[in-house]
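Next come the chains, spelled out residue by residue.
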Amino acid sequence: MAVLDDLSGFEFEDVMEDVFRNLGYENVRQAERTADEGRDVMMEEVVDGTRRGVVVECKHTGTVGRPVVQKLHSAIATFEFDGPKRGMVATTGRFTGPAIEYAQRLRRNDDPYPIELIDGEDLREIADEIGLDLYNGRIEILCDETLRPFDPATSVAAPAEEAFQDIDNIESTDLPAPHSHVTFRPVVAVTADTNAVFETSVGVIHRVNDRSRFVVHAERGHPETASGDVSNLVLENLHATVDLEADRFEDQFDVVEERRFGQTQTEYKDWAVDRLREHQTTTVSYTGDNNVTYTKTCEPNRSDISIQSIEPVYLPQVRHTTDLQEYSYPYEYFAAGPSRVTSEDEIHQCVHCDIAGTDNTYTYCANCGSINCNSHIKTERLEETPVCTGCAVTERFAFKTKYFYDEANRDAFREEYEAMPFYEKAKENTWLVVSAAVFVVLVLLGVLATVGGL
Ligand SMILES: [Zn+2]
Ligand SMILES: [Zn+2]
């Protein structure tokens, strides 16, 4: 606990808040900050179907004596809670004999407000048990649970292979195995209730009673709310996690990377409360007693928002890179077993222009390895297979541009062309054939008109 000993009193309470939330206590929060010895932690527990309020005194000192326990005992009596209540003193140090005796006597006498004592040694055991570790002077989230980086029913590379099935002119048997990289990204799923009532002289003008569930990207740096798709992916699969430590996934992926959680749970909680306040703030119009219309900005207080749970989990982001001749195609997605949300897709994308997305059709150029939109793919004149405008050798025959894999094919076709009779040559240009036909018809019509006019 050397590092824990360096924390200030307030930081110690933040750490304890994380500890209690991890132990399964609900509605864990700190009392208003006061100038004196710090804040108490308030929380609730459900034991045998009964909800009980718990007031915790956190003491970041060497020794805790009887007066502290006694003071808490009277404080519990005034703690507003509809139901049974109890107390707890948590310290990084130890309790004096009289403090322990006092707590034991309350218990023996079936006192309505029993007090549990947790010393530094107990804390160390609890921290170990719930996977909170001391790192750089803070307790960071240590989490072993991850959503599945692939569907065990198929192969790791299946999503990339599936994407290539949409591309014309490429066989899955021609595809090399992609280079697969998985990054386990920390996220936290937040559940919070907002209960706010806004009143003016005319009565209640606005009410918020809302439960929110959302996901936050929790890597070092600034937390960031996940997109709706990614949030749903995480929330719908939170029940289907696997142990990251036990199953390292090193056999299935070429590279395995694990990012750290950047903040403590309390920091995520504070951040989430701020986001929810912003999100729930609205401007309401109402009519006063004098028939004048007013507008009022209704912003919930911090105390109107209670964080019900903060669940850390790893969200795997998988990146497959498939090399085809001169080109490299990344395909990246967030994974939860068979479900995924694409974050980068260069397979459904033309290498020559901005056309991208799964709504278009694409054709593979076996000559250079490119994937092309319809306007950047042509038919090779000699082989009559697809070739892209990027690598094709071109030459005009019968006033029309023809596309070839290379000079050798072009020369071979030139010989064929030279040997063709006139009408075969003309067929190389459909437009020319049609115009020639129209021209002939017109001439005939002209002749008929002349004949008729005679
Ligand atoms: Zn294109
Ligand atoms: Zn090409």
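Residues numbered from 1 in each chain as written. Chains lettered and ligands numbered in written order. Predicted model: local features only at pLDDT ≥ 70, side-chain atom pairs only at ≥ 80, totals over all residues. Heavy atoms only, no water.

Visitor: An account of the domain arrangement of the chain is needed here, citing residue identities and associated values.
Guide: Domain boundaries assigned for the chain yield domain 1 (2-140) and domain 2 (146-321). Between the C-alpha centres of domain 1 and domain 2 the distance comes to 31 Å. Taken together, the twelve residues of domain 1 in the interface contact 14 residues of domain 2. Where domain 1 packs against domain 2, one counts one salt bridge. Two residues, K269 and E17, come together in a salt bridge whose shortest N-O distance is 2.9 Å. Where domain 1 touches domain 2, the interface holds one residue pair in polar contact (both at pLDDT 80 or more). Where the side of domain 1 that touches domain 2 is concerned, the elements lending two or more residues are α2 (9-22), β1 (26-30) and β9 (138-141). It is α2 that contributes the most residues to the side of domain 1 that touches domain 2, five residues altogether. (Domains from an automatic or database assignment. Contact = heavy atoms within 4.5 Å. Salt bridge = Lys/Arg side-chain N within 4 Å of Asp/Glu carboxyl O. Polar contact = N/O pair within 3.5 Å; in protein donor to acceptor, adjacent residues only side chain to side chain. Helix = DSSP H or I, 4+ residues; strand = E, 2+ residues; numbered from the N terminus.)

Visitor: Tell me what's going on with the coordination of the zinc ion (ligand 2), and back it up with residues and numbers.
Guide: Taken together, the protein donors to the zinc ion (ligand 2) comprise C365 (SG), C368 (SG), C388 (SG) and C391 (SG), at separations of 2.2 to 2.4 Å. One way to put it: the four donor atoms around the zinc ion (ligand 2) meet at angles of 102 to 119°, and that makes the site tetrahedral. Overall, C388 belongs to the buried group, its relative accessible area being 0%. (Donors = N, O, S within 2.8 Å, 3.2 Å for Na, K, Ca; no water. Tetrahedral: all angles 85-135°; square planar, octahedral: opposite > 155°, others 65-115°. Buried < 20%, exposed > 50% of the residue type's maximum accessible area, 1.4 Å probe, protein only.)

Visitor: Now, about the sheet that holds strand β5 (residues 85-91): what can you tell me, with residues and values included?
Guide: Hydrogen bonds between backbone groups are what pair the strands of a sheet, and the pairing can be parallel or antiparallel. Strand order across the open sheet formed by five strands is β1-β2-β3-β5-β7, with mixed pairing between neighbours. In this open sheet, the two strands that pair with only one neighbour each are β1 and β7 (115-118). If you compare each strand with its neighbour and ignore which way they point, the axes differ by 25° on average. Where β5 meets β7, four bridges bridge the pair, whose relative direction is parallel. Bridging from a neighbouring strand, M88 pairs with E116 of β7. The strands touched by helix α3 (residues 66-78) within the sheet are β3 (50-59), β5 and β7, with β5 carrying the most contacts at an inclination of about 150°. (Pairing = 2+ DSSP bridges. Axes fitted to C-alpha atoms, helices over the stretch in contact; angles between N-to-C directions.)

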